[in-house]
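Next come the chains, spelled out residue by residue.
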There are 2 protein chains.
Amino acid sequence: MSEKKQMLLGLGFTGAYGANAKAWKSEGVTVTTYPDINADIRYAQLAEKCKFQFLFIGDFPGAIPDDNREVPAMTLEPIITATAILQQTKHIGVASTVHTQWNNPFTLARQFKGIDLMSGGRIAWNAVTGSSPKVAENFGVKLMDSRSRYESHYEFVETVQHLWATWGKDALKADKETGIFADYSQVKPVHISGKYIQAIGALPIPPSPQGQPVIFHSGGSPNSIEFAGRYASVMIGEVWTREQGIATRNALRQVAIDAGRNPDEIKFIAGLMPVVANSKREAIDRHASFMDENIVQQRAFHIGMVLGISLTPEDLERPIAPELLDKVKIGAYSDPRAENVLKVAREGWTLRDIIYHSVIDYHPATLGDAKETADYLTEMFESGAADGFWILPDAYETDFKRFVEEVVPILQERGLFHEDYNGDTLRENLGVPYQYGVDKRLS
Amino acid sequence: MSEKKQMLLGLGFTGAYGANAKAWKSEGVTVTTYPDINADIRYAQLAEKCKFQFLFIGDFPGAIPDDNREVPAMTLEPIITATAILQQTKHIGVASTVHTQWNNPFTLARQFKGIDLMSGGRIAWNAVTGSSPKVAENFGVKLMDSRSRYESHYEFVETVQHLWATWGKDALKADKETGIFADYSQVKPVHISGKYIQAIGALPIPPSPQGQPVIFHSGGSPNSIEFAGRYASVMIGEVWTREQGIATRNALRQVAIDAGRNPDEIKFIAGLMPVVANSKREAIDRHASFMDENIVQQRAFHIGMVLGISLTPEDLERPIAPELLDKVKIGAYSDPRAENVLKVAREGWTLRDIIYHSVIDYHPATLGDAKETADYLTEMFESGAADGFWILPDAYETDFKRFVEEVVPILQERGLFHEDYNGDTLRENLGVPYQYGVDKRLS
C-alpha cells in the first residue's frame, strides 16, 4: 500500500441507466420497467466492487423531458433509492439530495438518521436549497430570493443537526437485568423558533457508527462555497480547468479555516464524464452516438459565443481556422469552459468533433483509452484541483464497466486510489471525522 | 382449496420487537442496536412465510416514553422501513402510516409510487390526518380543528391520487427501434389550487402492476368511516365485541354503497392481541410478565369506572362479587370495552387476572391455547364483524412465532385462510380492484 494521499471516487446517479438521457438505448440495457431499482442496485454493486467511496444521487423532482427520446432526469427518489441500495450493499456510501425549500426538517432528520442507523453509518445528505421555480411549484412552494433561501437553509440544516443529537450518546441501555431500555433524561428535545423553521421535539434514535449522516453540498456559487466550507464534509462541484479547481478548492478550504475547522475535513469533488474506448476516435464516435443532431447544432452556436467568434452549423465539418482561434481572448469573467474549448479546437478537430469532446456540457469529458482518463484524474488530483471525482459515464452498463475494469487498476497501480475500504463507515472512508450534532466550533 | 370466503391477516408493526413496549426483554431478542431493521425484516419474513397479506406500520413520530423500561412507540420510519422490508421479501404487502397534516402531497405521492413500482405493487399508504398537537409540534405545525383537518385530508388524498395518475398508462414505450422512450404528451400535470393544497406538476413514474398504492385508513370516528368508505380499500379498526364489529363494518359498507362502490371493495380489519400458550393460566402469566404493576393498579380503577362500580388496587386479589356484577348496566354510549370486561369478570377471575386478560387495552386479547385464538377469529369473521384481523403479539420473536406455527394451520384447515398467495400484488391478495388515479365513481 502506498502512503501517498488517496483520491476519492464517487459515481454520479443523476439519471436512470447512465448520466446520458439516452443511456437506456445502450447495449446491455433492457427496459422492462422504469425506474428500475434492480438496475440501480446492480450499478451500485459494481461501484462497490471497485471500492468507490460513494454514490451521489442528484434530484430534479418532477422534471419531464421535452424530447420523447430521453429518460426523465428524475429517475430516482433519493430516500427510497438510498434505502434499497444500502440494503443490497455492504461498504459503499450513498449521498442523497433533498432540498430544504420544500421539505420539513423533522421528517428529513428522521429519515436520514434512520437510514444511517440501518446502514451502519453509510448515508450522506446532499443539503441544497433547491433553486428551480418550476420544481418548487410541484410542492406548492413559491421560491424565495437567493438570500432568503440561504438564510432559511442555514436554519434548516442547523435544526436537522440539532435533531440528530437529541438522543444522548449514551442514553441507550437495553439492560435486561435492570429492565432499563433507555435513560430518557438523556434525550433532550430541541426548541427551535427561527425566522423560517419551527420545531419542538426529539428524535428517539441513537447515534449510528458514524454519529450522524455526512453532509454533502453540491454547487459552485459563493453562497455554496460559504455554506459547504462551514457545514459540509464534501462539496460536489463542476470543474473545467485545473486552475478553476485549485481556486475553488482553496476558497472552500479558507472558509473552513476561518470557521475554525481543519481544512482537510472538507473534500472538494470534481465531475468527469469519462469515455473509455480502444482509441480516441472510437471514444469520440461512441460519445457521439448519445448526442442528438439538434444538440450538436445548438452547441455550434454556443461554442461561437463562448469563443467570441461567429460559428454556425455550416461550420460543423471543418476545423476552426487557426487565425480565428488566435484572436480569441479569454477573460476573467468568461465561461469557465472557454479554455477547454480553445485547447481542443487547437488540436485541429472539426467543429463537430470538438462538440463531441463535450467541451460544452455539464462536466468535462475525457475521451480515449483508459490511460487518457487516468492521466486526467492523476493530474487534477496531484495539482490540488480536487480531492476526488464524481464519475458520470454515459451508460452505466457499458461505459462505467470499462472505467471500473480499466481505469481504476491504473489509479491503484499509481498508488492514488485505495485497494480496499479502510473503514466501516462513510466518514471513515472519506477521511472525515465522527460528528454528532452541530459542529461545536461553528457556534 | 376451500371455496369459502377467506379472512385477511396482517401483522401490526407499532413498536420494535413486539406490540408491547417491553417486548425487548423477551427471550430471543438481543438488542445490539435500536431500531434494528434486521429484526424487523426477520419478523416480516416470518409473516410472509405464513402467508399474511400485509404488515401494518403505525407511526407516532418523536414519541418519547415516560418510562425508562419502555421502547419508544416510534421505532420505525414508515417510508424507509417499508422500502427495506420490501427489498427483503417477495409477496407480503406493507401498509405505512404517513400523516397528511405535516407532509407534502408531491413528496408523499412520489415516495409511495416509487416504492410501489420497486416492490412490484406491494405498498399501501395508511392515510390519516394526524391528531396529536404534541406530534404536530415536531413539524412546526399547529394542528387544525377536526373539521378542517378532514377537509384538508380530502384535498391531500385527492391530490396524491391525481399525481399518481399523471403518467399516462401507456406513455412508456422504451422502443429501441424507434428511439422513443416515452410519449410525454401522455404525461398530464395536475393543477391543484385548493383551500389547503397547491401543486402544479407531474410524477414521471409509470403505473405499478397494481396501478397505484392501496389506500388504508386507521381509525374509528364517524369522520374516519366516512373517509374510508369513500377512498380506502382497507380500514384498520379497534373492535371489542362482535356487535360493534358488525355495526362498524356495515356502516363502512353503507358509505361505500352510497358513493357508488361495491361494498366488497372495502375491507374492515379488527385488531387482536393473541397470547398463545399451552393453557389459559400459562397465557395469562406470560401476558402478565409484560405488564407493570403500576399499569395493573391504574386499570383496577379504570375497570371500576367502566362498570360503574367502585374498585381499587385493594380488590386485586379477589373476584368481583357476583352481586356487584349483577347491578352493572351497559348502555348504548358506554365504553365499548365494558361488555368484554363483564364477560371475563363473570368467569370468576380475580380482578388482577381480569386485568391480565387485557380487557382494558388497545385491543382485545385472546389468552389460551391456539384453538382459543382460532375460535375467536373464526367466530368474529363468520359473524361478519370483520373481513380480517391485524395481529398485535406482545413479542414477535416468541408470541408471533407461536401464532404462526399453531394458529394459522388451524385457520387453514378450517378453510378460512389461504394456503398461499393467490396474486402477485397487494391488491390481488386483498381482493380489491386495480386502481389508477382517483376512483372515477367518486367524482
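Computed from a predicted structure; not experimentally measured.

Undergrad: Help me understand the domain arrangement of chain A in this model?
TA: Residue and element names in this part refer to chain A. Per the domain assignment, the segments of chain A are domain 1 (8-276 + 369-442) and domain 2 (282-356). Each of domain 1 and domain 2 was reduced to a C-alpha centroid, and the two centroids are 33 Å apart. Listed by partner, the interface residues are 18 residues for domain 1 and eleven residues for domain 2. Where domain 1 abuts domain 2, roughly 1200 Å² becomes buried across the two surfaces, and 52% of that area is made up of carbon and sulfur atoms. When the buried area of domain 1 at its contact with domain 2 is split by residue, K22, W240 and V275 rank highest and sum to 40% of it. At the surface where domain 1 touches domain 2, the tally comes to four salt bridges. Put simply, R69 and D292 hold a salt bridge, and the shortest N to O gap is 2.7 Å.

Undergrad: Explain the relation of the copies chain A and chain B here, please?
TA: A rotation about some axis, followed by a shift along it, carries one copy of the chain onto the other. Superposing chain A onto chain B requires a rotation of 180° together with a translation of 0.0 Å along the rotation axis, leaving an RMSD of 0.0 Å. The two molecules are tied by a two-fold rotation axis, judged by turn and shift. Most of the interface of chain A is mirrored in chain B, where 100% of its interface residues are also at the interface.

Undergrad: Please clarify how the packing of aromatic side chains should be interpreted in this entry.
TA: Here the distance between the centres and the angle between the planes together describe a pair of aromatic rings. Residues and elements named next belong to chain A. Tallied over the entire structure, the rule returns 40 aromatic pairs over all chains. Between F227 and Y231, the ring centres sit 5.5 Å apart and the planes meet at 10°, which makes this aromatic pair stacked. Here F227 and its partner Y231 are both found in helix α6 (residues 222-231), four residues apart, which amounts to about one turn of the helix. Using a relative accessible area of 0% as the deciding quantity, one classes F227 as buried.

Undergrad: Please explain the interface of chain A and chain B as it appears in this structure.
TA: Think of interface size as the accessible area that goes away when the parts come together; that is how it is often given. Each partner contributes to the interface: chain A provides 69 residues, whereas chain B provides 69 residues. Of the roughly 5800 Å² buried between chain A and chain B on both sides combined, carbon and sulfur atoms contribute 63%. Where chain A meets chain B, there are two salt bridges. Our count for the contact surface shared by chain A and chain B stands at 26 residue pairs in polar contact (both at pLDDT 80 or more). Contributions of two or more residues to the side of chain A that touches chain B are made by α1 (37-49), α2 (78-87), α3 (105-118), α4 (133-138), β5 (172-175), β6 (180-182) and β8 (198-201) of chain A. Looking at the side of chain A that touches chain B residue by residue, the classes come out as 40 nonpolar, 18 polar and eleven charged.

Undergrad: Explain the pairing of strand β11 (residues 267-276) of chain A to me, please; I cannot follow it from the model alone.
TA: Both faces of the sheet carry side chains from a regular strand, because those side chains alternate between them. Residue and element names in this part refer to chain A. For β11, a buried count of ten out of ten residues is recorded, marking the element as mostly surrounded by other parts of the structure. Residues of β11 alternate between two faces, with K267, I269, G271, M273 and V275 on one and F268, A270, L272, P274 and V276 on the opposite face, all of them buried. Summarising the sheet, strand β10 (residues 234-237) and β11 pair through four bridges and their orientation is parallel. Opposite M235, over in β11, you have F268 as the bridge partner.

Undergrad: Any chance you could explain the pattern of salt bridges here in plain terms?
TA: When charged atoms on two side chains of opposite charge get close, those side chains can pair. In total, this model carries 62 salt bridges over all chains according to the counting rule given. With a shortest N-O distance of 3.0 Å, R281(B) and D285(B) are connected by a salt bridge. Pair noted here: R281(B) and D285(B) are both in helix α8 (residues 280-289), with a separation of four residues, about one helical turn. Between E406(B) and R402(B) there is a salt bridge, and its shortest N-O distance comes to 2.8 Å. Taken together, the residues span about one helical turn, with E406(B) and R402(B) both in helix α14 (residues 396-413) at a distance of four residues. Here R402(B) falls in the partly exposed class, since its relative accessible area comes to 23%. In the salt-bridge network here, residues are joined through shared partners; they are K22(A), D67(A), R69(A), E70(A) and D292(A).

What counts, and at which threshold
Residues numbered from 1 in each chain as written. Chains lettered and ligands numbered in written order. Predicted model: local features only at pLDDT ≥ 70, side-chain atom pairs only at ≥ 80, totals over all residues. Heavy atoms only, no water. Domains from an automatic or database assignment. Contact = heavy atoms within 4.5 Å. Buried area = accessible area lost by both parts, 1.4 Å probe. Salt bridge = Lys/Arg side-chain N within 4 Å of Asp/Glu carboxyl O. Least-squares fit on C-alpha atoms with pLDDT ≥ 70 in both. Phe/Tyr/Trp six-rings, centres within 6.5 Å; stacked < 30°, edge-to-face > 60°. Helix = DSSP H or I, 4+ residues; strand = E, 2+ residues; numbered from the N terminus. Buried < 20%, exposed > 50% of the residue type's maximum accessible area, 1.4 Å probe, protein only. Polar contact = N/O pair within 3.5 Å; in protein donor to acceptor, adjacent residues only side chain to side chain. Nonpolar A, V, L, I, M, F, W, Y, C, P; charged D, E, K, R; others polar. Pairing = 2+ DSSP bridges.

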